[in-house]
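Fold and contact review
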Amino acid sequence: MSIATHLLVGKKILLGISGGIAAYKCAELTRRLKDQGADVRVVMTKSAQEFITPLTMQAVSGHMVATSLLDPQAQAGMGHIELSKWADMILLAPATANLIARLHSGFADELLTTLCLASTAPIVIAPAMNMNMYLAAATQYNLEILEKRHFLIWGPGEGIQACGDIGPGRMLDTDDLVQRVVAFFTPQESTLQGINITITAGPTQEALDPVRYISNHSSGKMGFALASVAAQWGANVTLISGPTPLPTPPKVRREKIISAQQMLTASLNTLGPCDIFIGCAAVADYRAKDICQQKIKKTSQDEELTLCLVKNPDIIASVAKHENRPYCVGFAAETQSLEQYAKAKLKSKNLDLIAANDVAKEGQGFNSDQNALTVFSSRQKFDIKLADKQEVARQLLNIIAEQYKKTLTREQKK
Ligand code: PMT
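Residues numbered from 1 in each chain as written. Predicted model: local features only at pLDDT ≥ 70, side-chain atom pairs only at ≥ 80, totals over all residues. Heavy atoms only, no water.

A few words now on the sheet that holds strand 11 (residues 236–241). On the basis of which strands lie adjacent, the open sheet formed by eight strands has the order 12-11-8-13-16-17-18-19 and mixed pairing. Edge positions in the sheet fall to strand 12 (252–256) and strand 19 (381–388), since each has one partner strand and no second. The sheet shows a mean angle of 20° between the axes of neighbouring strands, taken without regard to direction. Taken together, the five bridges between strand 11 and strand 12 define a ladder with parallel strand orientation. (Pairing = 2+ DSSP bridges. Helix = DSSP H or I, 4+ residues; strand = E, 2+ residues; numbered from the N terminus. Axes fitted to C-alpha atoms, helices over the stretch in contact; angles between N-to-C directions.)

Written out as structure tokens, the structure reads:
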């Protein structure tokens, strides 16, 4: 597989800067986008100009910076409607709480909001503000509505803020933003072209007797969404799934299993040609030590029944320590201490990435149509906001593809 270096050649990006301290990063952001071949034009709100000057942005972008809706000279150059049609993407970075609220209400009170209203290009919001302002119900509501209107919300990141508070609200790092812009414009069908991917999905069932079993609430939807998107993007997908009524996605080779031991055998059988292994299945950690050959009978004397369980093999850990080890991506379904437990699993199972899934939150995780994930590598963290599982699968596979590519040698990338 070959990787181009100028991944944004021909792309026209309108960078909309509003008035937050993170505006100082926009000079570097512009330079980095241009390094990738993008043509960047800048629009600044009045308050953005308090943080970074239009002259700086003009110098780095190589274009006049637009600041006013009613500037006859600027309108004579590229008028606001023309500018809104010019853009392949509008990137609002930093996007303040105020800008977000005005976008939510459909204001056209100055140049930037007017452009957003007039444009049919994808609009990305990179929020940046104090953590309490970000967490305020009004901001959360505004973002939720904007997301439903197909605005893309990238970030915010977490960490120490300009005001000294620690929490969510930092604009995503320049690197992260550039990577996401590149990923957005990368033709997705070719992202995984020819890559062999094994995905485990659904629950396992561990028999107790001929009619009973131990299992969990996994529906298989998340793993099937991953399989479906990966196959659409050109991967050769083997889906090893526990019992679920879901139909097999087009172009996916499916292997049906029942128990964890069967899932292990099927998984190990795919190693060798397998490039990427994704463990999305909710594997039962224990199985009955002995499966009763006949139905366990209830007796009138026994008020309690004791089952003796033994540990199941850890499938993804076995794959990750195999001599033909593929790139390994696990999931961590947690109801508390999400980051701590996910990072512990990343390490103990020797994985490359782990997708932490908060399954205590309503409306996501097990058996729901939506999900939200926080993905950790040993060094990086990526947030995937609540969305339907197909969209979450797309975002997760983009991250996996990007990270996987970094592990390839120059020879392998060809
Ligand atoms: O199927 P859905 O209804 O769509 O729900 C999706 C999901 C919630 C099941 C999915 O998003 C998810 O979080 N899957 C992982 C569930 C889980 O069992 O997590 P865990 O934290 O117990 O396991 C950690 C990792 O080890 C997982 O990659 C798991 O597949 C793997 N594992 C666990 C135990 C075991 N014996 N072998 C394994 O390979």
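Under the criterion given, the structure shown has 16 salt bridges. For Glu110, the salt bridge is made with Arg102, and the minimal N-O distance between the two is 2.8 Å. Note on Glu110: relative accessible area 18%, which makes it buried. A salt bridge links Lys349 to Asp314; the nearest nitrogen and oxygen atoms lie 2.6 Å apart. With Lys349 in the loop between helix 14 (338–348) and strand 17 (353–358) and Asp314 in the loop between strand 15 (309–311) and helix 13 (315–320), this pair connects stretches of sequence that are 35 residues apart. (Salt bridge = Lys/Arg side-chain N within 4 Å of Asp/Glu carboxyl O. Buried < 20%, exposed > 50% of the residue type's maximum accessible area, 1.4 Å probe, protein only.)

With that settled, the discussion passes to the packing of aromatic side chains. Counted according to the given criterion, the structure contains two aromatic pairs. A centroid spacing of 5.2 Å and a plane angle of 85° characterise the contact between Phe184 and Phe185, whose relative ring orientation is edge-to-face. Here Phe184 falls in the partly exposed class, since its relative accessible area comes to 33%. Classification of Phe185 by relative accessible area gives buried; the value is 16%. Seen in terms of ring centroids, Tyr327 and Tyr404 are 5.8 Å apart; in terms of plane orientation they differ by 70°. Their pairing is edge-to-face. With Tyr327 in strand 16 (residues 327–334) and Tyr404 in helix 15 (residues 389–407), the pair connects residues that are 77 residues apart, well separated along the chain. The class of Tyr327 is buried, set by a relative accessible area of 8%. Just above the ring of Trp86 sits the side chain of Arg41; from NZ or CZ to the centre is 5.4 Å. (Phe/Tyr/Trp six-rings, centres within 6.5 Å; stacked < 30°, edge-to-face > 60°. Lys NZ or Arg CZ within 6 Å of the ring centre and 35° of its normal.)

In this section: the site of the ligand. Around the ligand, the surrounding shell holds 27 residues, and the nearest of these are Ser218, Ser219, Lys345, Asn357 and Asn367. At a separation of 2.9 Å, an oxygen atom of the ligand approaches a polar backbone atom of Phe331. With respect to the ligand, the side chain of Lys345 contributes an N or O atom lying 2.5 Å from an oxygen atom. In isolation the ligand exposes 770 Å². Once the protein is present, 95% of that is buried. Residue assignment for the shell around the ligand shows that the elements contributing at least two residues are helix 11 (221–232), helix 13 and strand 16. (Near = heavy atom within 4 Å. Polar contact = N/O pair within 3.5 Å; in protein donor to acceptor, adjacent residues only side chain to side chain. Areas by Shrake-Rupley, 256 points an atom, 1.4 Å probe, with all protein chains shown as cover.)

Positionally, Ala333 belongs in strand 16. Residues within four places of Ala333 in sequence aside, it is in contact with Lys345, Asn357, Val359 and Phe366. (Contact = heavy atoms within 4.5 Å.)

Turning our attention to the sheet that holds strand 5 (residues 152–153). Strand order in the open sheet formed by five strands is 2-1-3-4-5, with parallel pairing between adjacent strands. Two strands bound the open sheet, and with one partner strand each, they are strand 2 (39–44) and strand 5. The sheet contact formed by strand 1 (residues 12–17) and strand 3 (residues 89–95) spans four bridges and is parallel. In the sheet register, Ile13 faces strand 3, and the bridge partner there is Met89. Packed onto the sheet, helix 6 (residues 111–118) meets strand 1, strand 2, strand 3 and strand 4 (123–127) and runs at close to 145° relative to strand 3.

The next thing to look at is the nonpolar core. Counting 40 residues, the largest nonpolar core has Leu226 and Ile278 as the members making the most contacts within it. Among residues more than four places away in sequence, those in contact with Ile278 are Ile197, Thr198, Ile199, Thr200, Leu226, Val329, Phe331, Leu397 and Ile400. Leu29, Val42, Val65 and Val181 belong to the second largest nonpolar core, which has 32 residues in total. (Core = buried A, V, L, I, M, F, W, Y, C linked by side-chain atoms within 4.5 Å.)

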